[in-house]
Each structure stands twice: as structure tokens, then as C-alpha cells.
Amino acid sequence: MDTYNIIKIITTIITAAIALIIGLRVLLLNKRDLLNRWFALYFISSSLGFFIYAIYHLILDNPDIIIPLMITAHIFFNFNSISLVMTLFVLEKHTKIAMGMKYLGTMLILFFVMSMGYFIFPPYLDMGDYALRIVNTHTPLGLLIFVNAVRIFLTAFAAYRYIGITKKIEDDTRKIEGETRNRLKWFSIGVILFILGIFINVIGGIFSLIAIEILALIIIDIGALVVLKGFLI
């Protein structure tokens, strides 16, 4: 395994650990708050996806379990995208409206469609690379384009809306004082960084640019910590 892959796996494990800690911390801050629950699901699903991703890249003596683990990781990443958009709906809509069929129902249907593709058009392991002790999986091109297009769209949509929220906060600065203003500021900046990191990670994965993926994971870590700071103020 080359140096870049080792660094990527280590960075992935660190990212997974940070996301899990933050997800649990956010949930414990207020278990009853729906926004906290969706953010907790967002971080925890990200963590599980990253952990499983790291694990299957370390399995060099049992090729049969790699693809099932790979599919599982991507299902968590799909749910990650859905959870992110649900945080927006909860922020902008009434709770009952956000959890209704129009919003939550649509997101769950989209999640089902994205995830079922991996069972209809299953990925495969490059056995030539595996013989060289390199775990390299391939997803059918149509499925790869579809899933990543949806993820990028959802990520871009979330980034756009959160930037709008940040701008509104800046416009209302005079109306918001003290801890509330600081909390909203750190929270919004962290979410934007986290989303940016996910977007860059998707691009790096599509074009197999390991250095870009490592950079994306670092940005995700920073964004996650900034979000936590916002929640803790």
C-alpha cells in the first residue's frame, strides 16, 4: 500500500472518530430537539460510512466481504446526504411540515432509489490490484454518475441555503446579540465548511485524486469542530 493511501486511511479514521464524537455530543445536548437529532444522524451516519470505508481498505486476505462492506458504507453516505437536507427543512419549516410526506417522504424515497442501485448494479473488486495488496473497487459508470450527481446536487443545495442563512444572520446582526449571534455564526460557518469538504471529497473520489480526498477530509474535520463550537456556545 502506497504512502498516499495510508495517509488517506489514517485521515479517514480520524474523521470518522471526530464525526462520531460530535454526533453523540450534539444528540446529548438536547435529545428532544428535532434539529439536534437530524444533525446527530448526519454526523453519525458520516462516521459509520468513513469507519467502514477505512475497514474494507485494510482487508487484504478476504475479498468476499469487501463489496458488501463497500455497499454498506455508501448506504450510510447516502443517508448522510438525506440527513443534511433534512436539517435545512427542520430549520426553515414547521416541524410537522418537515417530517411530513412532502419533505421527509421525498427524501426517504430518494434515499431508497440511490441505495437500491448498488444491489441492481453491484460494484466489483479489481482482483489484479488486490493481488498487489491494493483494495480498488469499481462501480458501474451509470450508477456512479447517478449517485454522485444526486449527492453533489444535495450538497450544493444545502451549501446554497446555508450561505443564505449566514447572510441573513449578518443582515440581522444588530437584532441579535451576545451568545445567540456567536452560536449562529459558528454553526453556519462550520456547516458550510463541512459541506465544502464533502463536495471536494466526492470530486476527488470520482477522479481518483487521493491528495484531494485527503484535503477534503481535513476540511470536513475543521468544519465538524466549528459546528460543535456553535452548538456548545
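For the structure itself, consult the block above.
Note that the structure is a prediction, hence the values are computed from the model and not measured.

Here we look at the overall build of the chain
At step 1: If you tally the helices and strands in the chain, you get nine helices and two strands.
At step 2: The secondary structure elements of the chain, listed N-terminal to C-terminal, are α-α-α-α-α-β-α-β-α-α-α.
At step 3: By the compact-globule yardstick of 17 Å for 233 residues, the chain fits well, its C-alpha radius of gyration being 18 Å.
At step 4: Along the longest, intermediate and shortest principal axes, the C-alpha atoms of the chain span 60 × 40 × 30 Å.
At step 5: Of the contacts made within the chain by residues no fewer than 6 positions apart, 74% connect residues no fewer than 24 positions apart.
At step 6: As displayed, the chain has an accessible area near 12000 Å², and 69% of this comes from carbon and sulfur atoms.
At step 7: Positive and negative charge centroids in the chain, built from 19 and 14 side chains respectively, lie 13 Å apart.

Here's the deal with helix α1 (residues 3–29)
At step 1: With 27 residues, α1 extends 39 Å from end C-alpha to end C-alpha; this agrees with the ideal 39 Å at 1.5 Å per step.
At step 2: For α1, the full list of buried residues reads N5, K8, I9, T11, T12, T15, A16, I18, A19, I22, G23 and V26.
At step 3: Its buried side turned inward, α1 meets α2 (34–56) and α9 (210–232).

Concerning the side chain of N80
At step 1: If you trace the backbone, N80 turns up in helix α3 (residues 66–92).
At step 2: In this structure N80 comes out as buried when scored by relative accessible area, which is 5%.
At step 3: Once residues lying within four places of it in the same chain are set aside, the contact partners of N80 are Y42, S45, S46 and I198.

Points about the nonpolar core
At step 1: In terms of nonpolar packing, the biggest core is built from 58 residues, with F39, F43 and Y56 touching the most fellow members.
At step 2: Beyond its immediate stretch of four places on either side in the chain, F39 contacts V26, T87, Y162, F187, V191 and F231.

Focus: the environment of I13
At step 1: Its location among the elements puts I13 in helix α1.
At step 2: Looking at I13, the relative accessible area reads 34%, which means it is partly exposed.
At step 3: As for I13 and I55, which are separated by 42 residues in sequence, their C-alpha atoms are 8.9 Å apart.
At step 4: Dropping the residues within four chain positions of it, I13 is found in contact with F51 and A54.

A look at the packing of α3 against helix α5 (residues 101–120)
At step 1: Running from N to C, α3 and α5 point in directions that differ by 165°, and their axes come no closer than 10 Å. In terms of orientation, α3 and α5 fall into the roughly antiparallel class. Between α3 and α5 lies a crossing whose hand is right-handed. Taken together, the residues of α5 that come into contact with α3 (itself represented by I71, H74, I75, N78, F79, I82, V85, M86 and F89) are Y103, L104, M107, L110, F111, M114, S115, Y118 and F119.

About the cut-offs
Residues numbered from 1 in each chain as written. Predicted model: local features only at pLDDT ≥ 70, side-chain atom pairs only at ≥ 80, totals over all residues. Heavy atoms only, no water. Helix = DSSP H or I, 4+ residues; strand = E, 2+ residues; numbered from the N terminus. Rg over C-alpha atoms; globule rule 2.2 N^0.38 Å. Contact = heavy atoms within 4.5 Å. Areas by Shrake-Rupley, 256 points an atom, 1.4 Å probe, with all protein chains shown as cover. Lys, Arg positive; Asp, Glu negative; His and termini not counted. Charge placed at Lys NZ, Arg CZ, Asp CG, Glu CD. Expected span 1.5 Å × (residues − 1). Buried < 20%, exposed > 50% of the residue type's maximum accessible area, 1.4 Å probe, protein only. Core = buried A, V, L, I, M, F, W, Y, C linked by side-chain atoms within 4.5 Å. Axes fitted to C-alpha atoms, helices over the stretch in contact; angles between N-to-C directions. Parallel < 35°, antiparallel > 145°, perpendicular 65-115°, else oblique. Left-handed = near helix turned anticlockwise from the far one by under 90°.

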